[in-house]
Amino acid sequence: MQFLTKFSLKNSFAVFIISFLLILGGLYSFTRLKVDLLPNIEFPQLSIEVVYPGASPQDINEQVTEKLETKLKGIEGIKKMLSSSFESIAIINLEFPFNTDLDDAEQQVNTYIKEAGLPENVQTNVNRFSFGSFPIFNISLFAKGDQDLEQLVNEEIIPDLNKIQGINSVSVGGQTEDVLQITVDQKKASQLALSLNEIKETINSKKFSFPAGNLNENEIQVPVRVQEKIEEINELENLLIKSKYEPEAPAVKLGDIASIEVVTEKPEITRYNEKESLSMAITKKQDANTVEIAEKVLAVIDSYSDRMDYAIGFDSAEGIEKSVNTLVKEGLLGALFASIAVLIFLRNFRATIIAIVSIPLSLLISSIFLNQLDISLNIMTLGGMAVAVGRVVDDSIVVIENIFRRVRKTKEGMKDELIQDSTKEILKAITSSTITTVVVFLPLGLVGGITGEFFLPFALTIVFSLLASLIVAITIVPILAKFSFKKVPKEEKEGVMQRAYASAIKWSLNHKALVIVLSFLLLAGSGFLVKGLGFTFIPNEEQKLLVATFQLPSSTSLEKTNDVSLKVEEMFADKKEIKDVTVGIGSRDFQTGLKRQNQANYFISLDDGVSVSTFIPELEKEMEEIILKIEPDAKLGIQEQSTGGPPSNNNVNIDLYSTYLAALQEAAARVEEYMKKQDDLKYVSNNFSEKQKQVIVDIDPEKSAQLGLSGFQILGTITDKTKPVDAGTMKLGEEERKVSITYNDQSETIEDLKNTIIFTQQGPVPITDIAEITETDAFTSIQKLDGKIFAQISAQIASNDIRSVSTSVINGVENLDLPEGVSLEGGGGSDETVETFTQLGIAIVVAIGLVYLTMLITFGQARIPLIILSSLIFVPIGSLLGLWIADEPMSVSVMIGLLMLIGIVTTNAIVLVDRIGQNRMEKGMTIREALVEAGITRLRPILMTAFATIAALIPLALTTSSGTLISKGLAVTVIGGLTSSTLLTLILVPVIYEVFFYRQVKKERR
């Protein structure tokens, strides 16, 4: 690579032009990067939603879920299959390894669904899961004056929003819908032997339009269409209905037995701070720029400000901008601190400017590559840049320091030959050290799952930046040195620091055994700190957005749920810690996506100064006092809103299995009660706790056969009595409306149901003559894992030592007295964390192997790489001590920090050992002389690079608000490890060098 320096010095102007173009390209690329909170990752998960109207959870399980599970087991590579069967709907989640081709998997799923033999009126939908599927906005809308808000939203705002490129969906909650309600007089219908289903069929028979061939007219074919339709309510009222069970009964006009009117229904209620509103949720396409879309959405909303007001309950773009700004600020502060560190050592302003020019250049060049690979600007790429700031300056520091030192020694002044020789002298050292730092990131490919996917953009950012910094160091830096150092003060004598260090090396070389023993004692001592650090995946980070929910018994009406919610909202309004509350009653459940009339969901935004951990229990207690007083069987919960991203793994799960549902429920209740008593757990949930009363109509097959009745005919009659019949849609005038048919007197009790009359060809028959009607308790959902019915009791761990808490909870549950026939498995995030840590441990070992191989190729001797790698042994001393002082647990961030240290620490040792080799080979020095001279000469660049890296990471180490993965744990690990290893490298590497060459040393002494 020496030719690059030679070419640059001869073509300075051309290199400056190229640099200027790279700066422009980097700035352009940086502005073109999509801004998002997290990397664009599609999870290897498919979700199948199956809708079977009117079916109970048991029916759904038997007729849909089990059939699909049997088929889906055949998909190759499937990791986990989780199914939930609710009333009228089943949800099956399939999880695959990260290298799975989801297109192929989705195609197989669709094929198996077609082959499963599901009932005819079943609808299926297959979805993928990614971060793009999370709403980026939740906006509450309010009308101004007499503005029809729903009309404005549906006819103007939504069409405008859908024009924005990158918008995936816009959904609006809290809307009303007009329904054509046909209310049938039950007594009159019974006298005429008419059922609601017959009325529905008669209405639908009047809504048809079909082609009926062609007429040939003047050699032109004219198509013929036969149609019949009802266009006005009076036509519907005059529609003749005749019973097929009583042929002798006269036909009757629909208007004579029913009232027909347009009614307004509101299937869900939404409010913002106790004020009724429409609630708009917006999702983006997976690869779209969140911040850019958010700006465009607000521009559209603002354009209607004269006709409506709005309030933002949830805005992910705001959080993204905050995280991005924080990391940018930390990166800039890091660059400033690194510059100050260089200036302190060089004590020359121009030399400092030259050294730090690599920071913006390297980062801008890396932006070009990130843009080409379509990698977004997120907490991982920005974190990579913030971490790289201190490292990209290292090569330039070593080059400029060597040129600066050499030019101060010579009397000839600054010449191209001197610059080339100075650069050549350290070229092997900086090239091998940069390549060494780059190769340590290659084993991240061994880390499977979401952790490896998340850290890939982080690793690529650092790799691109480091490679760019090497090119800058051997091209731009020499040119700038040539023009900047025309007059340089002569070299000063060795300073106090160099003389002290020379004495320290000599003493250490004379007491090698003592130095090595003391180093290992320090290492062993630091090992005792590990137990006190805690063990977690990602450190817990408080979120100021809470998600709360309460669920009343499943048969509760929307009106009652709303009444309870109003009381809860009044309490929220009195809390000074709460900024705003967005509520949805009867809207989609956060976890299952089901609409439940008996459930209310809340987004609660807190003030910045609120302590979430203490406020949540207080708020939950007050919610319980309100809700449980009205409905003792209600369920409620409140927790921090997940920000998306990799799973925190700070959870423990107890999975219970049994074929006896009653025993399973009892066991789940006991485990839930036990876990709620544990101080280290929060947000305990039980997926198998809700039951509801159910009426069973058990048909006698012999009696029904004698009367010529089918089960579906009986089902239809009972359905007519208990809920409205959906008759599709009908266009009356200019409006197309939903049609609903119901009796004026619905069955509300089991006695009403027993009085039902079934019409047969032999006349009317009481239902009690052909069926037994009983009341029982039934589960509202059936959950299965890999085809086995199970109950899962989950909780988040409110501690940074998830391993010990998980073990303690699982052991405690195993000692509980559970019903017979119930088996259990304990697990959760702890298992995945251990697996990830194991993979990262293997990655670190492989990285060390790759570093050895790189240095073996560079230096050509087997012993030299081993001497350099000896500096790594003592990295844990500073890292563990730093984590202990900062009270940071062992986490994925810490492991990535240790991985990075392999590259950073070996850099210092390479710079030192390379000089030792030059002294021996080129100057013929003895080993002892070579060690002392190399130490004195390389002391300043080693300290400069170490302190520049440490200084650059100080803002990240002191932060309280940056992203969860690129956290202070990583910065503290690198700062501590680099500090201890640098100090030990300067002393220990010379000692280890003499140990490895002890025969040569003995020979030289003689």
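Structure report, in brief. It should be emphasised that the depicted structure is a prediction, and the values quoted were computed from it without experimental measurement.

**A look at unusual backbone geometry**
The residue asparagine 273 is not glycine, and still its phi comes out positive at about 50 degrees. One can find asparagine 273 in the loop between strand E13 (269-272) and strand E14 (275-276). Of the residues examined, asparagine 273 reaches a relative accessible area of 38% and is grouped as partly exposed. A positive phi angle is found at glutamate 274, which is not glycine, with a value near 70 degrees. Take glutamate 274: it is sitting in the loop between E13 and E14.

**Notes on helix H17 (residues 496-510)**
In a regular helix each residue adds 1.5 Å, so 15 residues correspond to 21 Å; H17 covers 21 Å between its end C-alpha atoms and thus fits that length. Within H17 the residues assigned to the buried category are Gln498, Tyr501, Ala502, Ile505, Ser508 and Leu509. Summarising the axial view, the buried residues of H17 lie within an arc of 130 degrees, below the 170-degree limit, and thus occupy one face. When the buried face of H17 is taken as reference, the exposed residues oriented beyond 90 degrees from it are Val496 and Asn510. For H17, the elements touching its buried residues are helix H18 (512-527), helix H30 (927-958) and helix H31 (968-996).

**Side note on the sheet that holds strand E5 (residues 135-143)**
With respect to topology, 4 strands assemble into an open sheet ordered E6-E15-E5-E16, the strand pairing being antiparallel. Each of the sheet's edge strands pairs with one partner strand only, and the pair in question is strand E6 (167-173) and strand E16 (308-315). For this sheet the average axis-to-axis angle between neighbouring strands, irrespective of direction, equals 20 degrees. As judged from the 7 bridges shared by E5 and E16, these two strands associate in the antiparallel manner. Residue pairing in the sheet places phenylalanine 137 in a bridge with aspartate 315 of E16.

**Points about the packing of helix H28 (residues 875-886) against H31**
The contact between H28 and H31 brings their axes to 6 Å, and the two run at 140 degrees. Between H28 and H31, the angle is such that the two are oblique. When you trace H28 past H31, the crossing you get is right-handed. Every residue of H31 that contacts H28 at Val875, Ile877, Gly878, Ser879, Gly882, Leu883 and Ala886 is listed here: Lys968, Gly969, Val972, Thr973, Gly976, Gly977, Ser980, Ser981 and Leu984. Tallied by class, the residues present in the contact of H28 with H31 amount to 6 nonpolar, 9 polar and 1 charged.

**Considering the pattern of salt bridges**
When the charged atoms of two side chains lie near each other, side chains of opposite charge can form a pair. Enumeration according to the criterion identifies 23 salt bridges in this entry. Lysine 784 is the partner of glutamate 69 in a salt bridge, and the nearest nitrogen-oxygen pair spans 2.8 Å. Within this pair, whereas glutamate 69 is found in helix H3 (residues 57-72), its partner lysine 784 is found in strand E29 (residues 782-785), the two being separated by 715 residues in sequence. The burial state of glutamate 69 is the same as that of lysine 784; both residues are buried. Put simply, glutamate 631 and lysine 560 hold a salt bridge, and the shortest N to O gap is 3.7 Å. Here glutamate 631 is found in the loop between helix H20 (612-630) and strand E20 (635-640), whereas its partner lysine 560 is found in helix H19 (residues 558-573), with 71 residues between them in sequence.

**A few points about the nonpolar core**
Ranked by internal contacts, the top residues of the largest apolar core, which has 145 residues, are Ile400, Phe441, Leu444, Phe458 and Tyr993. Core analysis: the second largest hydrophobic core is formed by 30 residues, Val564, Tyr602, Val610 and Ala634 among them.

**With respect to the packing of aromatic side chains**
With the rule as written, the count across this model stands at 6 aromatic pairs. For the pair phenylalanine 142 and tyrosine 272, a centre-to-centre distance of 6.2 Å together with 65 degrees between the ring planes defines the contact as edge-to-face. You can see phenylalanine 142 sitting in strand E5 and its partner tyrosine 272 sitting in strand E13, a full 130 residues away along the chain. Every member of this aromatic cluster is reached through a ring pair, and the members are Phe550, Phe572 and Tyr602. We note lysine 275 situated over the ring of phenylalanine 142; from NZ or CZ to the ring centre the distance is 4.7 Å.

**Here's the deal with empty space enclosed by the protein**
Per the counting criterion, the structure on display carries 1 cavity of 30 Å³ or more. Roughly 30 Å³ of volume is contained in the largest cavity. Around the largest cavity sit Val387, Ala388, Arg391, Thr437, Phe441, Ile462, Met900 and Ile904, which together line it. Listed by contribution, the elements that provide at least two residues to the lining of the largest cavity are helix H14 (379-409) and helix H29 (892-923). Broken down by element, the residue count for the lining of the largest cavity peaks at 3 residues, all from H14. A per-class count over the lining of the largest cavity returns 6 nonpolar, 1 polar and 1 charged.

Calculation notes
- Residues numbered from 1 in each chain as written.
- Predicted model: local features only at pLDDT ≥ 70, side-chain atom pairs only at ≥ 80, totals over all residues.
- Heavy atoms only, no water.
- Helix = DSSP H or I, 4+ residues; strand = E, 2+ residues; numbered from the N terminus.
- Buried < 20%, exposed > 50% of the residue type's maximum accessible area, 1.4 Å probe, protein only.
- Expected span 1.5 Å × (residues − 1).
- Arc of directions from axis to C-beta.
- Contact = heavy atoms within 4.5 Å.
- Pairing = 2+ DSSP bridges.
- Axes fitted to C-alpha atoms, helices over the stretch in contact; angles between N-to-C directions.
- Parallel < 35°, antiparallel > 145°, perpendicular 65-115°, else oblique.
- Left-handed = near helix turned anticlockwise from the far one by under 90°.
- Nonpolar A, V, L, I, M, F, W, Y, C, P; charged D, E, K, R; others polar.
- Salt bridge = Lys/Arg side-chain N within 4 Å of Asp/Glu carboxyl O.
- Core = buried A, V, L, I, M, F, W, Y, C linked by side-chain atoms within 4.5 Å.
- Phe/Tyr/Trp six-rings, centres within 6.5 Å; stacked < 30°, edge-to-face > 60°.
- Lys NZ or Arg CZ within 6 Å of the ring centre and 35° of its normal.
- 1 Å grid on protein atoms, 1.4 Å probe; cavity = no way out; pocket = protein on both sides within 12 Å on 5 of 7 lines; lining within 4 Å.
- Points joined across faces, edges and corners; volume = space filled by probe spheres on them.

Don't take any of this as a statement about function, it's just geometry.
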